[in-house]
Every structure is written in structure tokens, then in C-alpha cells.
Amino acid sequence: MLVVLAGHEVSRALARRALLERLEARHVRADGRCSVGWAWRGVRLSDCTLTQQGAGVADVERITVRFDGRLRPASVEGTLRRVELSLTSREDADDSARREGSPRGLGIDVHVVRFEATLADLWLEADDVLLERGDGELRAEAKQGRARYGPLSARLQGARLRRADRTEVTVDALVLQAAARPAASAGVFPAAPAPAAAGAPPEEDEADALASPHGTAATPAPEPTAATPWTSALDRLGTTMARARRVLLPLLPGALLARVDALSLVAALDHDELTLGPGVLRASREARSLVVSYGTERGTQGPPLEGELRLPLDDDGELRADLRGGPVPLTLSTADDGASPPTLQGVLHMRVAQAPVTLEAEGDMTVRRLTVGHPALAAEPLRQLEAALRFDVRAGAEGVLEIRHAEAGLGALRLAVRGRVEGTARGLQARLAGELPVAPCDALLASMPSGLFPSLQGARLHGSFAGLGSLVVDTAAPDDLELRFDVADGCRFITVPAALDADRFRQPFRHRAHHPDGSTFERETGPGTPTWTPFTALSPYLVVAVITTEDGGFYQHHGVSHRAVRDALAANLRAGRFVRGASTITMQLAKNLFLGREKTLSRKLEELALTAYLEQAFSKNELLELYFNVIEFGPDVYGIAEAAEHYFGRTPNELNLVESMFLSTLLPSPLRLHAMRDRGAVTPRWRKQVDALLRIAHKRGLVTAGELSEALAAPLDLHTDDAPPPKPRPPAAPHRRVPDTFDDWEELPSEGP
């Protein structure tokens with residue numbers, strides 16, 4: 001309503017004569033009540049009352065209309081409550097310049113008790129809005145107002161505008177808030193197909209991926225595109241700048257002075273609000289740009305944080321943004337009383353050219369003592385977080401992202417990256433190099449925010465940690481991916497919490513497990529318990545099976561398989577979605593022994609640290625013994641003793657090669673694949689999958705030709721609850737030894753299903 005009135009050139013003669021005449025003739029009853037539903041310029045009035053001062057239409061001095069109404073000009077939807085609009089005939093300050101006999105000036109006074117409007121995704125609301133137009137000036141004020149656009153919202157108190165030969169805007173207080181958007185489910189890749197319902201038979205392509213982490217049948221790469229995340233962002237930025245010029249130029253006079261006395265910037269986190277400010281914001285128009293500056297109050301620890309934004313008002317100007325200062329305090333809504341507030345300091349310079357749109361940015365920002373809570377990060381808020389980011393980058397509309405230098409820091413950990421990423425007609429091409437500078441292990445752990453490694457609280461380490469790596473990839477040719485990394489992990493655990501102590505697992509212990517509905521329970525296991533199977537009582541074919549399906553380099557690596565990481569990245573790029581991880585047997589053991597099932601960054605980092613600990617604390621055979629006794633094989637079926645009995649009615653040392661390989665194929669999805677046990681038979685397609693894995697084991701030298709032939713010919717019959725126990729048989733291959741040297745991870749051959 002305000003925009004319509006302020007921007008619409010109201011003819012004084014029409015307002016005094018024709019408009020009033022039209023009102024009286026068509027819309028006003030004898031009692032002064034307006035006809036319900038009268039519309040003008042997209043404003044529909046209802047329940048209105050009209051009064052006038054003056055002898056007649058020609059000599060009217062004041063018209064007052066009181067009404068409620070609705071706004072519907074163009075795509076705007078809005079409501080007006082308790083509006084009083086007055087048109088007053090009066091002399092303007094510039095009336096002396098008019099010709100003699102011309103009509104007197106027209107003054108407009110509007111009071112809106114409440115105003116609401118929506119324009120697409122933009123929502124506006126204001127209370128006690130006053131508007132006056134006359135004497136060559138436009139004056140407006142609002143007691144308070146609110147706005148929302150997507151995740152952005154604003155609240156203001158005491159806004160005033162005066163427009164004559166120049167425009168002056170003042171605001172007593174303004175709060176701008178950005179809410180965290182929910183994380184996208186797909187991440188970098190498109191969403192994966194929905195999982196099958198529990199108990200449904202596995203689809204053929206899903207069975208390949210589940211049963212063999214060595215790869216799936218080749219999946220066509222996604223249709224290549226020249227678009228990249230940064231070119232899309234630059235396109236949006238260029239469009240926004242052009243749109244801002246179209247909107248601002250008609251509204252900005254030759255001179256503009258705007259001031260917000262108390263501007264606060266708020267980031268709405270998961271269960272908290274982080275506030276910068278209040279500070280003073282100023283805006284003014286120069287010859288070719290709109291200049292907006294912001295400065296916080298001077299902090300007790302350093303200079304204020306000051307920033308300036310220059311928005312070009314012509315087609316060839318540059319957008320420039322600069323920020324410098326600090327440390328300045330940040331306010332947390334849930335901060336403990338007496339706790340030192342987090343602080344922010346840094347330097348930022350950004351330049352955006354328009355033709356073509358190109359961004360160059362460099363900065364050095366540091367935040368200290370920050371508390372961050374988000375379900376994707378950790379189960380509990382991360383406290384006392386200290387993070388730093390230094391960068392010097394260039395992104396162009398031609399699709400090239402140059403990372404001249406970038407360094408991210410968390411506590412004592414630093415990661416430096418440099419390189420180039422280019423978008424082509426076939427996809428993305430990247431050549432990156434990274435470095436983890438040497439850092440003491442104990443200092444690394446001590447500097448991490450509380451909540452990031454909850455299971456390692458109280459642990460002590462010695463030694464140092466460092467790493468180097470490089471990545472060369474073309475998403476149109478993922479099989480040519482080159483990934484190299486060398487981690488100098490000299491960290492050694494001196495002390496660990498009691499829950500991690502290796503001696504705890506050399507005697508009976510309590511293991512947390514999960515029911516099919518997700519609820520947890522504890523089961524007693526460990527050496528000496530009825531369901532515990534020592535390594536020496538395992539069928540050697542069980543070791544062959546899990547090394548074939550789960551971790552081809554188990555006996556060579558120290559918890560992380562370089563080849564597995566490379567192959568998993570290539571497979572995911574080839575499929576265009578996440579289809580394979582790079583978890584090793586030790587990683588799976590760390591998850592099952594110590595961690596829950598929540599999918600958070602904290603859990604993944606803990607998994608890596610606990611994997612390193614397990615590799616130090618146990619021998620490879622001890623790790624396999626633990627693994628086979630705690631891993632899940634089906635609904636409420638944990639450990640190899642329960643699995644051998646449940647699926648085949650046998651003991652672990654009786655299992656032959658084909659039975660062992662079948663059990664290993666269940667590990668990626670034991671609940672869904674249990675459908676075959678419910679039916680009492682292995683599907684023909686799944687038997688082909690097992691046979692393909694048997695051939696893989698032979699190719700790697702894990703089984704002999706005779707063992708392969710015997711296994712391929714052997715039946716694969718599942719035991720059911722109502723069937724009599726099978727006839728006992730002697731231990732399988734009692735004198736057999738598993739080779740400890742063979743090729744690491746390998747793709748499933750084409751003869752697989």
C-alpha cells in the first residue's frame with residue numbers, strides 16, 4: 001500500500017474532483033458508508049467510511065476514508081487493518097512557482113494500524129505505519145516491522161523515512177537473522193533409490209553392491225554438463241546484482257543518507273542463536289555505486305569489526321566487499337553465565353566483476369570459543385571450538401575455480417589445499433594437492449572441541465601426525481582417477497578410558513546390540529561365554545570369505561586401505577551417487593564395539609581414531625576374533641556362533657567354503673537379506689553371486705582349484721526352525737592356513753551377476 005501511494009503520481013485535480021465525484025456517485029451511501037468491495041489500483045476496500053470538509057465537490061478541502069482492505073496488485077497478496085487515508089487540499093512549499101489559477105496542492109496522510117503482504121516468497125508485516133505527503137516532501141515511519149524471505153528474516157524498531165531533494169532513512173534497531181537450512185539428502189550426488197521394504201528379496205543390481213565392496217557392474221556416468229556449483233552461484237550473483245539495480249535506481253534519488261543505529265546479525269543454529277553486534281550501519285549513494293558500511297562497537301579485546309560493501313549502479317562496475325577488525329565478542333543465546341563469549345576476527349577482501357561475472361576473494365578469519373550444535377556434526381553440541389580459514393581463490397564464468405591457497409584449521413589441526421577445478425562439457429576436471437603439517441598428537445586431541453571425540457575423553461597420546469596427498473580426477477573418466485596420500489601417523493596411545501582398555505575384551509564383557517526396530521539391548525559375550533568362538537575354533541574359510549568380500553588388504557594395511565578409498569571414490573563418481581564405502585574390517589569392528597548408529601561427522605572421526613587404536617592394541621588374528629563374535633548377521637543374530645546355528649544348524653568350525661562365503665555376503669545388509677532365511681532357500685541369483693565371489697577368492701590365491709570346484713558343486717541349503725538338526729561333520733580344513741599376502745581390493749569381474 002505504501003509503495004503504491006508513494007510511487008503513484010496522483011493528479012491533484014483528479015483527487016479533488018473526479019475521484020471524489022466517482023466515490024459519491026458509485027460507492028458512497030447517504031450515511032457515508034462505502035460500498036463493500038470497491039477496488040482501485042489493486043486495493044480492494046471493505047467496511048469503509050468517507051467524510052469530507054468543504055461546501056461541494058469543487059471546494060472540498062479534506063477527504064477522509066477509513067477502511068479495512070485487501071491488496072492484490074500484480075502478484076502481491078496483502079491485508080490492511082484500520083486504515084485512515086486523508087486527502088487534504090493545501091498549499092505546497094513550491095506553490096509560488098505555479099501559474100495563477102492552478103489548483104492548490106494535494107496532501108496525503110495515511111495511518112495503517114497493521115499491514116501484511118506477501119510477494120512470492122517474501123512476507124512483510126508492519127504495525128503503526130504513518131505516511132504523509134505534501135509540502136514537496138514524503139515522510140513515513142513505522143513503529144515496528146518484520147520480514148521473511150526463505151531462511152532470512154528481519155525485525156526492526158522505529159523506522160523513519162524523509163524524501164525531498166534527498167532521501168534520509170533512520171532505523172533505531174534492526175535484527176537480521178539467517179536460519180540454518182536442512183542438509184540436502186543427496187549431498188554431492190543425486191539421491192539414491194529408496195531401500196526395499198524389510199523382508200523383500202534383493203534386486204540384482206543392489207545385491208552386487210551389497211555383497212561385494214570390490215565394485216558393481218559398470219553404471220553409465222551421469223549426463224555431462226558444463227555447469228558447476230560456482231558458475232551457478234556466479235550466475236545467481238550476476239542476476240541478483242542486475243535485479244538490485246532495476247529496483248534501486250528508480251527509488252534512489254540523487255542523494256541518499258540511511259542509518260541504522262543498532263543492527264544485529266543473527267545466525268540461527270540448531271538449538272542456539274549466534275549474534276554479531278549490535279553495530280551501526282550507514283548507506284549512501286555515490287556517483288556509480290551504493291555504499292553500505294557496518295561497524296560493531298569496539299570490543300575489550302581489540303578494534304571493532306568494520307565492513308564496507310559497494311554495489312555498482314551501472315552495468316560495468318564492480319561489486320566490492322571488505323571486512324577487517326576484531327576480535328569482537330559474539331553472543332550465544334544459551335551461553336553459560338560467566339563464560340567467556342566466543343570471538344570473531346579477520347580480514348576479507350572480495351571483488352566481483354560483471355562482464356563476465358568473475359569473483360576474486362581472499363581472507364583470513366578466526367573464531368574462538370564457539371559452541372555449535374547440529375545433528376550432522378555430533379549428538380551433543382561442540383563446545384570451545386577454535387577454527388580458522390585462510391583462502392585466496394578465483395572463480396570465473398568460464399567454469400574455472402583456482403584455489404591459489406586455502407587452509408582450514410580446527411584446533412591444532414591444519415589442512416592446506418591448492419589446485420584447480422574446471423567445468424567442461426563432459427563434467428569436472430580437478431587437480432588438487434593437500435598437506436597436513438606436522439602436529440603433536442596429544443596437542444591435536446586436546447585442541448579438539450568437546451563433543452567431537454566423546455569416547456576418547458581422558459586418552460593421552462605421544463608422537464606426531466602429518467600427511468600429504470594429491471587428487472587428479474575427470475568425472476567423465478572416473479576409472480582414470482589418481483589418488484595418492486601418505487599419512488605419517490606416529491600417534492601412540494599412552495592411556496585410554498576404561499571402556500577402550502584392550503584387557504576388557506580379553507574376558508567376558510557387555511556388548512551393546514540393536515533389535516530390528518532400532519532399540520538397543522546388551523548381550524554378554526567375550527572369552528569364556530557360551531557364544532564366544534576363539535580364533536582357533538573358526539573355520540579357516542570364514543577368514544577367506546570376509547577378506548574376499550569385506551577387506552582384501554586386511555593383513556597389509558594399518559586400518560585404512562588406500563586402494564579401497566581410491567576404488568570407492570571412482571565407483572561413486574561412475575554411478576553418480578554413493579554406492580560404496582571404504583570401510584575396512586577394523587573400521588567395522590570399531591563401530592560395532594564402541595559407537596552408535598547415528599550418522600554424524602563426530603562418529604566418523606571417532607571411527608578413524610578408534611581404528612588406529614585397535615590396530616595398535618590387537619594383533620590381526622585378535623581383531624578377526626573380536627570381529628566374528630560381535631558382528632550382526634541378522635535380526636537379533638550376533639556373532640558367528642549364533643549365525644552358524646541360525647542359518648545352517650552348525651558350529652563355526654564346521655562351516656565349509658560355500659557356507660562361509662554366503663554368510664559374508666549378508667554383512668552389508670543383514671536385516672534385509674534375512675528374507676532368504678525366512679523363505680528357507682537361497683535365491684538362484686544370490687547363489688550366482690556367491691559363486692562369483694568364490695572365483696574371486698581363487699583368482700587371488702585364497703583357495704585352491706580343488707577347493708573352488710568342490711564349493712561350486714556343494715549345495716547351499718538353509719536350516720529352518722522346524723527342520724531336524726543336520727548330521728555333524730568334522731571341522732573344515734583343520735590344517736589350512738590363510739595366505740597373508742595377496743592383491744588388495746579388486747573389481748568384481750564381468751562374469752558376476
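Residues numbered from 1 in each chain as written. Predicted model: local features only at pLDDT ≥ 70, side-chain atom pairs only at ≥ 80, totals over all residues. Heavy atoms only, no water.

> So what about the overall build of the chain? Which residues, and what values?
When you go through the chain residue by residue, the secondary structure sums to 15 helices and 28 strands. For the chain, the proportion of its 753 residues judged to be buried stands at 43%. Within the chain, contacts between residues at least 6 apart in sequence are counted, and of these 57% link residues at least 24 apart. Total accessible area on the chain is roughly 37,600 Å²; 55% of this is exposed by carbon and sulfur atoms. (Helix = DSSP H or I, 4+ residues; strand = E, 2+ residues; numbered from the N terminus. Buried < 20%, exposed > 50% of the residue type's maximum accessible area, 1.4 Å probe, protein only. Contact = heavy atoms within 4.5 Å. Areas by Shrake-Rupley, 256 points an atom, 1.4 Å probe, with all protein chains shown as cover.)

> Mind laying out the packing of aromatic side chains, listing which residues take part and the relevant values?
In total, this model carries nine aromatic pairs according to the counting rule given. A ring pair is formed by F493 and Y613, whose centres lie 5.3 Å apart and whose planes are at 70°; its orientation type is edge-to-face. Taken together, the positions of F493 in strand β24 (residues 492-495) and Y613 in helix α9 (residues 601-617) put the pair 120 residues apart, joining distant regions of the chain. Here F505 and F509 contribute two aromatic rings whose centre-to-centre distance is 5.0 Å and whose plane-to-plane angle is 80°, an arrangement assigned as edge-to-face. The exposure class assigned to F509 is buried, which follows from its relative accessible area of 4%. Cluster of aromatic residues (ring-pair linked, three or more members): F505, F509, W532 and F594. We note K620 situated over the ring of F554; from NZ or CZ to the ring centre the distance is 4.5 Å. (Phe/Tyr/Trp six-rings, centres within 6.5 Å; stacked < 30°, edge-to-face > 60°. Lys NZ or Arg CZ within 6 Å of the ring centre and 35° of its normal.)

> So what about the side chain of E615? Which residues, and what values?
Among the structural elements, E615 can be located in helix α9. When its relative accessible area of 15% is taken as the criterion, E615 is described as buried. Non-local contacts of E615, meaning those with residues more than four positions away in its chain, are made with H557, H558, G559, T586, K620 and L623.

> Explain the packing of helix α6 (residues 540-549) against helix α12 (residues 657-666) residue by residue, including any values.
Between α6 and α12, whose axes approach to 8 Å, the crossing angle comes to 40°. Relative to α12, the element α6 lies oblique. Considering the relative orientation of α6 and α12, their crossing is right-handed. Contacts from Y541, L542, V544, A545, V546, T548 and T549 in α6 reach L657, S660, M661 and S664 in α12. Here the contact of α6 with α12 is composed, by residue class, of seven nonpolar, four polar and no charged. (Axes fitted to C-alpha atoms, helices over the stretch in contact; angles between N-to-C directions. Parallel < 35°, antiparallel > 145°, perpendicular 65-115°, else oblique. Left-handed = near helix turned anticlockwise from the far one by under 90°. Nonpolar A, V, L, I, M, F, W, Y, C, P; charged D, E, K, R; others polar.)

> Help me get a handle on α9, residues and values and all.
End to end, α9 covers 24 Å across 17 residues, agreeing with the expected 24 Å (1.5 Å per residue, within 8%). Taken residue by residue, α9 has S602, R603, E606, E607, A609, L610, T611, Y613, L614 and E615 as its buried positions. Lining the buried residues of α9 we find β24, α8 (585-594) and α10 (620-630). (Expected span 1.5 Å × (residues − 1).)

> Which residues make up the pairing of strand β14 (residues 319-332), and what are the values?
Examined bridge by bridge, strand β11 (residues 273-285) and β14 share three bridges and lie antiparallel to one another. Among the inter-strand pairings, L276 is bridged to a residue of β14, identified as L330. Judged from the five bridges that link them, strand β13 (residues 306-312) and β14 form a sheet pairing that is antiparallel. Each residue of the ladder has a partner; that of E308, found in β14, is D322. (Pairing = 2+ DSSP bridges.)

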